[in-house]
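Given next are the chains, with one letter for each unit.
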Amino acid sequence: MKKSFILSAALVAAFGANAEVYTYDFNNTPLYCKAIFAEAGTIVDEATGLEGLGFGGNYDFIDKTGKAVNTDGTSFNTKDESGTWHAAKNLAIDLVDGQTYTLEGNLSINGNDFTPIDMSHPFICWNQEGAGPSRTLLMKGWGQDSWAPDVNYGAASEADWVASRNAIAFNRNANTGSRVGTYVQFPAISNPTKLTIWIGHAGGKYIDKGLYAEVTPVVDGVVGETIPVQGIADAVAKRFYKHEVALPANLNGNVAFRIGCGGSELGLYHVVMENGPQSGIEDIVVNPAEDENAPAYNLMGIQVDENYKGIVIKNGKKYIQK
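Figured I'd write up the structure that's included with this text. Just so you know, these numbers come straight off a predicted model, no measurement behind them. (Residues numbered from 1 in each chain as written. Predicted model: local features only at pLDDT ≥ 70, side-chain atom pairs only at ≥ 80, totals over all residues. Heavy atoms only, no water.)

**Some details on the pattern of salt bridges**
Item 1. Here the structure, examined in full by the defined rule, presents three salt bridges.
Item 2. Linking D60 and R135 is a salt bridge whose minimum nitrogen-to-oxygen distance equals 2.8 Å. Note that D60 is positioned in strand β5 (residues 59-62) and R135 in strand β13 (residues 135-144), a separation of 75 residues in sequence.
Item 3. R165 is paired through a salt bridge with D145; the nearest N and O atoms lie 4.0 Å apart. Pair noted here: R165 is in strand β15 (residues 164-171) and D145 is in the loop between β13 and β14 (154-155), with a separation of 20 residues, a long-range link.
Item 4. Since its relative accessible area comes to 56%, D145 is described here as exposed. (Salt bridge = Lys/Arg side-chain N within 4 Å of Asp/Glu carboxyl O. Helix = DSSP H or I, 4+ residues; strand = E, 2+ residues; numbered from the N terminus. Buried < 20%, exposed > 50% of the residue type's maximum accessible area, 1.4 Å probe, protein only.)

Here it is in structure tokens:
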């Protein structure tokens, strides 16, 4: 919508911010994914000194028992005296350094102390309702550098293709884990307008459940309603598909997206988030006439009344309204 107000100057140019695009390909971003398959001992990030791990095959963030076996060894599932498994809540694996942190506040579990995670980092987490994390892996070579048909773990069609070589896979845990409760949470962006995800079956074992993912927006720290992403009913195993997520209207604020599976095994190949340009005043009309009853506007072009305090523009002149 265009807004106009009185100024003594001639036409003033519109202003606004360009749209931004945030891409996670699990090859170079997030940073720890890049380190996993980089040559061992090489520096993959000068700022943090993060070294390559030289991992040869698929990499378990969380193994079948619910343990961060390849990072800091944290056990997310523990067994009590009766033999019942319990999930350690409030923990997350940082995808910038691979270590385990808490979601909020300091926490001590089994004699190990954890500090809060940096929410500007992507991380793997699980629900806080008692279900532990599922087995979660970085699957090497799940993707294609260029489009070619009928490639295992490649795109289902050229229209679905994106350049990606690795994927995060969610599988079942042997102990308390549930595929439903595990997800990757991506850092918040302001006022997102578009979310595109590339997803596929991790294998054929649970293909009868269909190709399904779940996206949950977290708006200014408040968890929103989960958005189901239903793929085609006859999705082929070892193929991935492009999906544009139907975001709620007026999804405003700082929004972090949680992306995980909703029961079927799932491979998450690629994620792209966008936010739109945020425009201010688009055009300004000049009117040199003085008018005692003329409306007053603040510097953002929003009409204000006599209770507003600060700089206002009225009759083409700036005033400080106290």
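**Description of the nonpolar core**
Item 1. With 52 residues, the main nonpolar core has F61, I197 and V271 as its most contacted residues.
Item 2. The element that contributes the greatest number of residues to this core is helix α1 (residues 31-37), accounting for six residues.
Item 3. In this view, V271 contacts Y22, T23, Y24, F26, F186, L195, T196, I197, W198 and I259; residues no more than four positions away in its chain are not counted.
Item 4. Residues M139, V162, F240 and V272 belong to the second largest nonpolar core, which totals 13 residues. (Core = buried A, V, L, I, M, F, W, Y, C linked by side-chain atoms within 4.5 Å. Contact = heavy atoms within 4.5 Å.)

So, to be careful, I would describe these as geometric facts and stop short of saying anything about function.
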